[in-house]
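Architecture at a glance
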Amino acid sequence: MIKITLPDGNALEFDAPVTGRQVAEKISPRLAKAALAATKNGKAFDLDRPIEEDSEIKILTFDDPEGKEVYWHTTSHIMASAVVRLFPGTQVTIGPAISKGFYYDFDRDKPFTPDDLEEIEKEMARIIQEDYSFHRTELDMDNAKKQFSEMGEDYKLELLDEFEDEIVSTYTHDDFTDLCRGPHLPSTGYVKAFKLLSTAGAYWRGDERNKMLQRIYGISFPKQKMLDEHLRLVEEAKKRDHRVLGTQLQLFTITDEIGAGLVLWFPKGAFIRHQIEKFWYEEHFKNGYKLVNTPHIASIDLWKTSGHLDFYSENMYPSLELDNTTYQLKPMNCPFHIMIYKSDIRSYRDLPIRWAELGTVYRHERSGTLHGLLRVRGLTMDDAHIFCSADQMPQETRRVIEFSLHMLRSFGFDKFNIYLSTRPPKSVGSEEQWEAATESLRNTLEEMGIDYEVDKGGGAFYGPKIDVTLEDNLGREWQCSTIQFDFNLPERFNLSYIGSDGKQHTPYMVHRALYGSMERFFGTLIEFYGGYFPLWLAPEQARVLPISEKHNDYARSVADQLHKAGIRCEVDDRSEKIGYRIREAENQKIPYMLILGDKEKESGVISVREHKVGDHGQSNIDDFVRMVQEKVRNKEIFESTTQTEEKS
RNA sequence: GCCCAUGUAGCUCAGUCGGUAGAGCACAUCCUUGGUAAGGAUGAGGUCACCGGUUCAAUCCCGGUCGUGGGCUCCA
């Protein structure tokens, strides 16, 4: 007899060996039916693999993240076997489950076409129909290498070379065998609904020096309805894409007549940006920052001294020759702030110095990485540099982290990821400097009790950093705030301050941006709000809609009163029906529509309609003004805005 | 940068198996003055991204350039 302990603490006794499936059957027929795999002592385990000794067992269904992983990973094996059936000679490489689905990378001369995908789907359907069981085989390294060498699977051999385990496992269904840790679904028939979504080129191991493989992405579910729902949600998400909303709401455009990655801010977008910047200035003054302003180009010598020419040149635009001087368009603001520091003798009494600038920089990002507002070539950083003494450093980093979180929360963000980025391969400074600086940042994070992940090798060339990322609407992560330690520039520029001991010391330096850049922050805001900007940001807070021509005068007098109260509103008195004009205001995502007809005119009130919600009924003007002012003051966000749009 | 896809009116998209293009919305004018998401009529609007090639003829086929989209380790 062996003892099987369940997640709820209850224990069941079985004759050994027992399988996860038998355990599930004992618990309930429903669980047995939904069971996909198990975990044994916390590690994923095939449902039909014998358990010989006392264990903690959890049965995995599609509701468990690990269950989904098994489901998707198995589907990727099914896809691989279909591809090998249809296109003999294709080498398989790796095919993991990812957060939403799976992919598999193949080495094949010809990329897959959409027609190929259809064929592959049909073949997968056959393989699922034929319901092959998955068999796990364990073998030692020599045999594994022999087997995959005979199969001609070079990539698997490369993987095997890196494994440290003595025993590896393979999974076989039908006549397809793949090197795989597992576990898998019991059989191919477990996959009920799937779809291949896209193809892409992907470098072997993500390294562009390696061969480009052909990747196929897909997803699967235990029910067709779940697949349909998933596809619907993806479609809905596309409507919140900042590029789509940017056009629809006339916020910005990027056109090749200007250049890739260069943004034209339309009046409405520029207004929102202005509000964001105004808030930024106010908060920076409150937090002890002073403003500076600096030019867009500078003598190339500055960039030689700073090290940018050596370490950042691939992202820099070519230099300009003029009057026997070579100028360089700036990719960063830091050297300028440093020169301001150097313009005077600094005392320890002056520190910390905090200088901020909305500084526009140009970076030649690789063409394939450009993406709407989220990765551009001309951008305005909400930059600042802090110069301080060594012992002020922990305090200053802490202040910046708190400041950053305060700023982001003011916009309603409450979900972000925080990373500690360590030394990259191409970088300056000694090992000791990196070690000390990284530890300092780590300590600050830990003292503040902040959860973070380590991004190994993700630091700037001049020092380690803390990054805050926000996710876009399709789950892609983008860097927002960044707080970077720099022990390079103060040395290169020979910065100093006079300490209380009367001697010269080198200051520490922090680079930081809280929004990251105005462009990217705006892009994430558009998606976060789904275009429904909160009142304090909305370019037009209310639209006044007279029912017919005879109410135009009243409409104008209402608009006047609102203007005087500081509310941004327009009158739409075009000779269109009220329904039409409401529809237009809704499409433009204008927060309030004020409908004015005979009833309102007579009693001197307004009828208030809120976007996405509908008619709120009548209100007097003062009450409405107070309500709007209150929401503006609180930076209140519309509840409906952060939810997925219903289908319209 | 690399792989694949793609570029037609302001926007969203049809279309031409090679004979210089079409819809809806938006826009303009007129009619309509209408109570909470599309009233009607008429009209204007395109070097079919750009450069080159094949052809009697190219928006369509071919090559190149530029742009855009998806992707380029969430490791067996």
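In every chain, residue numbers begin from 1 and rise along the written sequence. In the order they appear in the text, chains get letters beginning with A and ligands get numbers beginning with 1. Per-residue local features are limited, in this predicted model, to residues with pLDDT of at least 70; the limit for side-chain atom pairs, both in listing and counting, is 80 or more; totals at the level of whole chains, interfaces and linings are taken over all residues. Note that the side-chain values use all heavy atoms of the structure and ignore hydrogens as well as water.

So, about the protein's contact with RNA strand B. RNA strand B sits among 57 residues. The nearest are L179, M212, I547, E549 and R583. Summary of the distance rule: residues count as near a molecule or strand when at least one heavy atom falls within 4 Å of that molecule or strand. A share of 48% of the atoms of RNA strand B within 4 Å of the protein falls on sugar and phosphate groups. Throughout this description, a polar contact denotes any pair of N or O atoms lying within 3.5 Å of each other; where both atoms belong to protein, one of them has to be capable of donating a hydrogen while the other can accept it, and for residues adjacent in sequence the pair is counted only when both atoms sit in side chains. I547 is positioned with one of its backbone polar atoms (N or O) 2.3 Å from a base nitrogen of RNA strand B. The leading source of residues in the surface near RNA strand B is helix α18 (residues 578-587), at seven residues. Of the residues assigned to the surface near RNA strand B, the class counts are 20 nonpolar, 19 polar and 18 charged. Comment: elements are numbered from the N terminus, with helices defined as DSSP H or I runs of at least four residues and strands as E runs of at least two. In this classification, Asp, Glu, Lys and Arg are treated as charged, Ala, Val, Leu, Ile, Met, Phe, Trp, Tyr, Cys and Pro as nonpolar, and every other residue, Gly included, as polar.

Below, the discussion takes up a positive patch on the surface. Patch membership is restricted to residues that have no salt bridge and whose relative accessible area is over 30%. Joining uses 9 Å for like charges and 5 Å for the nonpolar side chains Val, Leu, Ile, Met, Phe, Trp and Tyr. Working definition of accessibility: Shrake-Rupley area with a 1.4 Å probe, residue cover restricted to the visible protein chains. Criterion for a salt bridge: a side-chain nitrogen of Lys or Arg within 4 Å of a carboxyl oxygen of Asp or Glu. Neither His nor the chain ends is counted toward charge; the positive residues are Lys and Arg and the negative residues Asp and Glu. Charge coordinates come from a single atom per side chain, which is NZ of Lys, CZ of Arg, CG of Asp or CD of Glu. Positive charge collects at one region of the surface, where K33, K192, K223 and K225 lie side by side. In this structure, K33 sits in helix α2 (residues 29-34). Residue burial is assigned from relative accessible area. The probe radius is 1.4 Å, only protein chains are included, and a residue is buried under 20% of its type maximum, exposed over 50%, and partly exposed in between. Of the residues examined, K33 reaches a relative accessible area of 75% and is grouped as exposed.

What follows deals with the confidence of the model for chain A. pLDDT measures the predictor's confidence residue by residue and takes values from 0 up to 100. Mean pLDDT for chain A: 92, with 99% of residues reaching 70 or above. Should any heavy atoms of two residues lie within 4.5 Å, those residues are counted as being in contact. Throughout residues 644-648 the model reports pLDDT below 50, and contacts reaching past four residues in sequence, or to other chains, amount to 10 contacts. Interface confidence for the predicted complex, given as ipTM, is 0.93, next to a pTM of 0.93.

Okay, the nonpolar core next. The term nonpolar core refers to a set of buried residues drawn from Ala, Val, Leu, Ile, Met, Phe, Trp, Tyr and Cys, joined through side-chain atoms within 4.5 Å. The biggest cluster of nonpolar side chains holds 61 residues, and the ones touching the most others in it are F411 and F533. Beyond its immediate chain neighbours, meaning those up to four positions away, F533 contacts L251, I272, F522, L525, I526, A538, P591 and F638. Membership of the second largest hydrophobic core comes to 52 residues, among which are A24, I57, F106 and V191.

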